[in-house]
Amino acid sequence: MKKPYKLEAHLCRVSSFFALTDSRVPSALFACKKEAPDLEGFPLPLPSKKSDYTCYAQSGDVLWMGAKTGLTRYDPNAKIEADRLMYFSAPRDLQDNNIKAILPEGENVWVLTDTGAVYIEMKLIGAEEKAFILLEETQKYVDRRGMTSQRAMAQPGNPETCFPYGHSDNDGTFTVGFAIGEIFKYATYKREKGADHPDTLEAKKVATRAVEACLLLLYIHKRGDGFAARTYLAPDEPVPDDGIFFRIKGDKAYCAETTASINRNCVDYEIDASAEVPARLAKLYEDEGYTCEGMVYKADTSSDEITHHFLNLLFAHQYLACDDPELDELIKMSARNLMNHIIDNGYQLCDYSGEPTTWAKWNEEYFNSEFGWVDACLNSAEVLMYHLVTMEITGEQGKWKESYDYLINEKGYAELVDKHFDRLFHATLSMGIEFVEEIMYGDHMLATCSFLGLCLLEKDEKLLAKYRNGYKSWRTSLEREHNPGYDLPYLIACPDEEVDMDALALWFYRTNASRLASGVSLTGRHDIAVKPLEVGHSEISVLLPPDERFISKYDRNPVALVNEDSGGSRVVEGCYTYTFAYWIGRYFGFFE
């Protein structure tokens, strides 16, 4: 194990917005003399044109410069190169980008623009402290019966106006990311502070709630056949028009009318809903006054959810349920149910009609199809991981081992796992586009989950070598992101490999201390080259620090020329992108 990297406390920007008439805005801000800075021979490319800078202010060695297109902070003595020049823009940091005056106040600064004033604090925040800040925000504003994807707001930028309802197409996926982070927080505190320390007990409580929320998705449909719902809605919550939903009535469920259900001719389709929801999991909605009657769940579940669920089951079993036999039995039962469903249905997840869902197929028929030829490399790794996890959790082999050996020895699945780059590269050649244009960024987390599980559990050295090579076949696209949520699991699975730890530290340092998804002014920056892509999008020439690019989940291209994602200032995202990476890093000794 290499020496742990020391994450220092780091300056983090926090903006507070004020109306021009607000008495808290200092009068001196309005009286500031407006004079353009002398930028002759300035040593770095600037995010605004030199001619656009109209005012400046000095605070010690730090120079604040205001332009018609945003605010620039220059610190020639910054320890980290990326911190020498920072760019602040609307709507995340400023009301608008036309800077009228600047009034420093120590490390902080008052800024006057056309439409308001903003006080920007440069707070010194440690990596663990930031994890606590983000968790608190998620628990207060995002948590919905344990699910932690995101929450929309009635008033832009005001989390106090969050709607009491909402969902994500991948609630299971993103809540698993949150749950795993909290599991490793609990495991870290248990090791460092002891099992009975108040911090450890609180971490266990948070992790358990998240795991229970994920498990509930495996039962809320009441089909009793090992299916998994994407998400669910309480009876009084509106059903969005973005997929296939079923409403439970008695011991049946009926397909709700949406554009998707109309197109599939399945409106009012009836399906069994007579199975019981485990009482422990049902408490998540019963404690809010609901019963199963009228509950709505989303179907057409993809491999995304299933892959995340299996990794969550593994870590919950290994680290969380050691002294919670009831929870551990739910975990074992869930693994058996999912695995039985997949095997018994020919290595696919089958939905209400008995046909497979759109994107949960792990069989040869799909692998030999037009779309499946490239997907086969990832999907084969996914389903092999499911088998190993099920055997590890249940302590059983039998059917699971027989199926695992069948896929490897008779169907050659282990020979597919390292062909991802080759197949994707050839596919893009045939399409006449570049490799980077066909990267599916949502698949990065699926590869991370699959190969981490495989490499942690496989005991056969030859198979382990194949799985590690399979993981390495993803590095061409993964390493574009310098995302610790990908790179740290990669080091766990492939301990002889190297990643850029300084780049990962910068990711932690410059991640915002809020997941409010307000956008930035990326498209007008003067210091970044833009590359148009054949598919109609554009990429920027450099991977910007997280606080200067759009806020999103893990499934987006971080160099996309996009100002905002996730609904912008009307949405607050869950904290898993940070806490998943941070607590894995802490537990496995990558950080002090």
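Every value quoted in this text rests on a predicted model; they were computed, and no experiment measured them.

Caption draft 1: Inspection of the overall build of the protein chain at higher detail. A count of helices and strands for the protein chain gives 18 helices and 19 strands. For 592 residues, the compact-globule estimate of 2.2 N^0.38 gives 25 Å, and the C-alpha radius of gyration of the protein chain, at 25 Å, lies within 12% of that figure. Long-range contacts, defined here as pairs at least 24 residues apart, represent 67% of the contacts in the protein chain between residues at least 6 apart. Taken as a whole, the protein chain presents about 23,700 Å² of accessible surface, with 49% of it coming from carbon and sulfur.

Caption draft 2: Representation of the side chain of D171 in the model. With respect to the element layout, D171 can be found in helix α3 (residues 171-193). If we skip the residues at most four places from it in the chain, D171 touches R144, M147, S149, L217, R230 and T231.

Caption draft 3: Representation of the sheet that holds strand β7 (residues 108-113) in the model. Judged by pairing direction, the sheet is antiparallel, and its four strands sit side by side in the order β1-β8-β7-β6 without closing on themselves. The sheet is open, and its two borders are formed by β1 (10-18) and β6 (99-105), each paired with just one other strand. Each strand of the sheet is rotated relative to its neighbour by a mean of 20°, with strand direction disregarded. Where β1 meets strand β8 (residues 117-125), nine bridges bridge the pair, whose relative direction is antiparallel. Paired with V14 across the two strands is E121, which belongs to β8.

Caption draft 4: Focus on the pairing of β7. Of all six residues in β7, six are buried, a share of seventy percent or more. Here β7 shows two buried faces, one formed by N108, W110 and L112 and the other by V109, V111 and T113. The pairing of β6 with β7 spans six bridges and is classified as antiparallel. Note that in β7 the partner of E105 across the bridge is N108. Count of turn residues in the β6/β7 antiparallel hairpin: two residues, of which G106 carries a positive phi of about 70°. Where β7 and β8 come together, four bridges link them in antiparallel fashion.

Caption draft 5: Spotlight on the environment of C449. By the element assignment, C449 lies in helix α13 (residues 442-457). Taking relative accessible area as the criterion, C449 reaches 1% and is therefore assigned buried. Spatially, the C-alpha atom of C449 lies 16 Å from that of A360, the residues being 89 residues apart in sequence. Beyond its immediate stretch of four places on either side in the chain, C449 contacts T307, H308, L311 and M385.

Caption draft 6: Local environment of the sheet that holds strand β14 (residues 296-298). Spatially, the five strands line up as an open sheet ordered β10-β14-β11-β12-β13, and their pairing is antiparallel. A strand with exactly one partner marks an edge of an open sheet, and here the two such strands are β10 (232-233) and β13 (270-272).

Caption draft 7: Region of the structure containing the packing of aromatic side chains. Scanning all chains against the criterion turns up 37 aromatic pairs. For the ring pair W507 and F508, a centre distance of 5.1 Å and an interplane angle of 85° mean the geometry is edge-to-face. Residue W507 shares its accessibility class with F508, and that shared class is buried. Of the aromatic side chains, those joined through ring pairs into one cluster are Y189, W507, F508, Y578, Y582, W583 and F591. The aromatic ring of F227 is capped on one face by R223, whose charged end is 4.0 Å from the ring centroid.

Caption draft 8: Local environment of the side chain of S48. Mapping S48 onto the fold places it in the loop between α1 (27-30) and β2 (53-59). For S48, the residues in contact, after removing those within four places along its chain, are Y53, A67, T69, G70, Y87 and H526.

Caption draft 9: Inspection of the pairing of strand β5 (residues 85-88) at higher detail. Where burial is concerned, the two faces of β5 agree: the one with L85 and Y87 and the one with M86 and F88 are both buried. In this structure, strand β4 (residues 70-74) lies alongside β5, joined through four bridges in antiparallel fashion. Considered in β5, the bridge of R73 is made with M86.

Caption draft 10: Structural context of unusual backbone geometry. In this structure, P91 follows A90 across a cis peptide bond, with omega equal to 0°. Along the polypeptide, P91 turns up in the loop between β5 and β6. Of note, the phi angle at K222 is positive, near 60°, even though the residue is not glycine. Inspection of the secondary structure assignment puts K222 in the loop between α4 (198-216) and β10. For K222, a relative accessible area of 12% puts it in the buried group. Although it is not a glycine, S566 adopts a positive phi angle of roughly 65°.

Caption draft 11: Layout of the packing of α3 against helix α7 (residues 303-320). α7 packs onto α3 with a crossing angle of 15° between their chain directions and a minimal axis gap of 9 Å. Between α3 and α7, the angle is such that the two are roughly parallel. Like other packed secondary-structure pairs, α3 and α7 cross with a definite hand, here left-handed. On α7, the residues that touch G172, T173, V176, A179, I180, I183, F184, Y186 and A187 of α3 are D304, E305, H308, H309, L311, N312, F315, A316, Y319 and L320. A per-class count over the contact of α3 with α7 returns 12 nonpolar, five polar and two charged.

Caption draft 12: Structural detail: the environment of A505. Relative to the helices and strands, A505 is located in helix α17 (residues 501-510). Spatially, the C-alpha atom of A505 lies 25 Å from that of Q139, the residues being 366 residues apart in sequence. Apart from the residues within four sequence positions on either side, A505 is in contact with Y5 and L7.

Caption draft 13: Layout of the nonpolar core. Judged by nonpolar contacts, the single largest core of 137 residues is most densely connected at Y285, Y297, F310 and Y467. At 11 residues, the largest contribution of residues to this core is made by helix α10 (residues 372-394). Excluding anything up to four places from it in sequence, Y297 contacts I220, H221, R223, A229, T231, Y232, I244, F245, F246, I248, A253 and I271. Core analysis: the second largest hydrophobic core is formed by 16 residues, A57, W64, I120 and M122 among them.

Cut-offs and rules
- Residues numbered from 1 in each chain as written.
- Predicted model: local features only at pLDDT ≥ 70, side-chain atom pairs only at ≥ 80, totals over all residues.
- Heavy atoms only, no water.
- Helix = DSSP H or I, 4+ residues; strand = E, 2+ residues; numbered from the N terminus.
- Rg over C-alpha atoms; globule rule 2.2 N^0.38 Å.
- Contact = heavy atoms within 4.5 Å.
- Areas by Shrake-Rupley, 256 points an atom, 1.4 Å probe, with all protein chains shown as cover.
- Pairing = 2+ DSSP bridges.
- Axes fitted to C-alpha atoms, helices over the stretch in contact; angles between N-to-C directions.
- Buried < 20%, exposed > 50% of the residue type's maximum accessible area, 1.4 Å probe, protein only.
- Phe/Tyr/Trp six-rings, centres within 6.5 Å; stacked < 30°, edge-to-face > 60°.
- Lys NZ or Arg CZ within 6 Å of the ring centre and 35° of its normal.
- Parallel < 35°, antiparallel > 145°, perpendicular 65-115°, else oblique.
- Left-handed = near helix turned anticlockwise from the far one by under 90°.
- Nonpolar A, V, L, I, M, F, W, Y, C, P; charged D, E, K, R; others polar.
- Core = buried A, V, L, I, M, F, W, Y, C linked by side-chain atoms within 4.5 Å.

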